[in-house]
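Here is what each chain is made of, one letter per residue.
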Amino acid sequence: MVRYQVESRGLKDERLLQALLAVPRHLFVPEQYRREAYEDYPLPIGEGQTISQPYIVALMTAVAEVKPGDKVLEIGTGSGYQAAVLNQLTDRVFSIEIRETLAGRAASVLQSLNYTGVRVRWADGYFGWPEEAPFDAILVTCAANHIPPPLFQQLAEGGRLVIPVGSTVFFQTLTLVRKSGGKPVVKQLLDVRFVPMVGEIEKEKR
Ligand code: SAH
């Protein structure tokens, strides 16, 4: 089911497909949604938040070009599902969640499934994870009205930042930012709808 959703939309990298197929997505969604876990849409995970549709998880992972050994930062742990997919590809995954309950729940699911390459931190992801920088890839899974400067700063040279940028109440444009010679090279990918980033970003008007 997930293989078809992803392959039919043009993502054919076998390592990526294997990573997706290896993660038991039903264990990352609330009990009442388990039957729907592999359907082609997002699902609620509590606290008004959602787990992205499998294709979007695949797309973000693909455009971030996550390779074995890469150091990856995710902003918006949510259920922990995207972090688990990343951990299938590299053993250095750092994920930040601003809602304490979700951070705790994701950390325990990841631990119970033996995703030992993921570290979850309860904090505002706007500021990134400076002690672990630089990152080869940064995936932001909540909508931002601008690119948080600390995240671009914490990107390694040649690193990829994938982030939904735009109005946080309507839709956003999934955006790929590559650091090249210290400067951002920006590519707009497609329109998406994510839950809004909260915290510091709401104070910073840019
Ligand atoms: N990647 C997740 C889905 C995330 S939904 C998964 O695979 O399930 C977006 C998440 O971003 C929500 O859990 C929300 O609480 C979180 N979030 C919102 N603002 C944030 C911020 N400033 N820092 C970190 N996480 C944030």
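Procedures and definitions
Residues numbered from 1 in each chain as written. Predicted model: local features only at pLDDT ≥ 70, side-chain atom pairs only at ≥ 80, totals over all residues. Heavy atoms only, no water. Buried < 20%, exposed > 50% of the residue type's maximum accessible area, 1.4 Å probe, protein only. Helix = DSSP H or I, 4+ residues; strand = E, 2+ residues; numbered from the N terminus. Pairing = 2+ DSSP bridges. Expected span 1.5 Å × (residues − 1). Arc of directions from axis to C-beta. Contact = heavy atoms within 4.5 Å. Near = heavy atom within 4 Å. Polar contact = N/O pair within 3.5 Å; in protein donor to acceptor, adjacent residues only side chain to side chain. 1 Å grid on protein atoms, 1.4 Å probe; cavity = no way out; pocket = protein on both sides within 12 Å on 5 of 7 lines; lining within 4 Å. Sits in = over half its atoms within 2 Å of the grid points. Nonpolar A, V, L, I, M, F, W, Y, C, P; charged D, E, K, R; others polar. Axes fitted to C-alpha atoms, helices over the stretch in contact; angles between N-to-C directions. Core = buried A, V, L, I, M, F, W, Y, C linked by side-chain atoms within 4.5 Å.

Engineer: Pulling in residues and values, what's your account of the pairing of strand β3 (residues 71-75)?
Structural biologist: Side-chain positions along a regular strand alternate between the two faces of the sheet. Counting buried positions along β3 yields five of five residues, so the element is predominantly enclosed. What you see with β3 is no split at all: K71, L73 and I75 on one side and V72 and E74 on the other are buried throughout. Pairing analysis gives five bridges linking β3 to strand β4 (residues 92-97), with the strands arranged parallel. Bridging from a neighbouring strand, V72 pairs with V93 of β4.

Engineer: Outline helix α5 (residues 100-112), listing residues and values.
Structural biologist: For α5, spanning 13 residues, the distance from its first C-alpha to its last is 18 Å, which sits close to the expected 18 Å at 1.5 Å a residue. Taken residue by residue, α5 has L102, A103, A106, V109 and L110 as its buried positions. All buried residues of α5 lie within an arc of 135 degrees about the axis, which places them on one face of the element. Residues of α5 that are exposed and point more than 90 degrees away from the buried face comprise Q111 and S112. Where α5 is buried, its residues contact β1 (43-46), β2 (49-51), α4 (81-89), β4 and β5 (118-122). Looking one or two residues beyond α5, the residue adopting positive phi is N114, at roughly 70 degrees.

Engineer: Can you explain the site of the ligand? Please cite residues and give values.
Structural biologist: Lining the immediate surroundings of the ligand are 26 residues, of which S79, E97, R99, G125 and V198 lie closest. Note that a nitrogen atom of the ligand is positioned 2.9 Å from one of the side-chain N or O atoms of E74. Taking a 2 Å distance to the grid points as the criterion, the majority of the atoms of the ligand fall inside the largest pocket. Of all the secondary structure elements, the ones that give two or more residues to the shell around the ligand are β2, β3, α4 and β4. For the shell around the ligand, a count of residues per class yields twelve nonpolar, ten polar and four charged.

Engineer: Give a detailed account of the sheet that holds β3, specifying residues and quantitative values.
Structural biologist: What the seven strands build is an open sheet, ordered β5-β4-β3-β6-β7-β8-β9; its pairing is mixed. Edge positions in the open sheet fall to β5 and β9 (183-192), since each of these has one partner strand only. Averaged over all pairs of adjacent strands, the angle between their axes in this sheet comes to 15 degrees, without regard to strand direction. Relative to strand β7 (residues 155-166), strand β6 (residues 135-140) runs parallel, the two sharing four bridges. Looking at β7, one finds that F135 is bridged to L155.

Engineer: Account for the nonpolar core, naming residues and giving values.
Structural biologist: In globular proteins that are soluble, nonpolar side chains generally tend to be buried together. Of all hydrophobic cores here, the largest spans 43 residues; its most connected members are L20, F28 and Y81. Breaking this core down by element, the ones donating at least two residues are α1 (2-7), α2 (14-22), β1, α3 (54-63), α4, α5, β6 and β8 (172-180). With seven residues, the top contributor of residues to this core is α3. The contacts of L20, once residues within four sequence positions are left out, are V2, V6, V57, A58, Y81 and V85.

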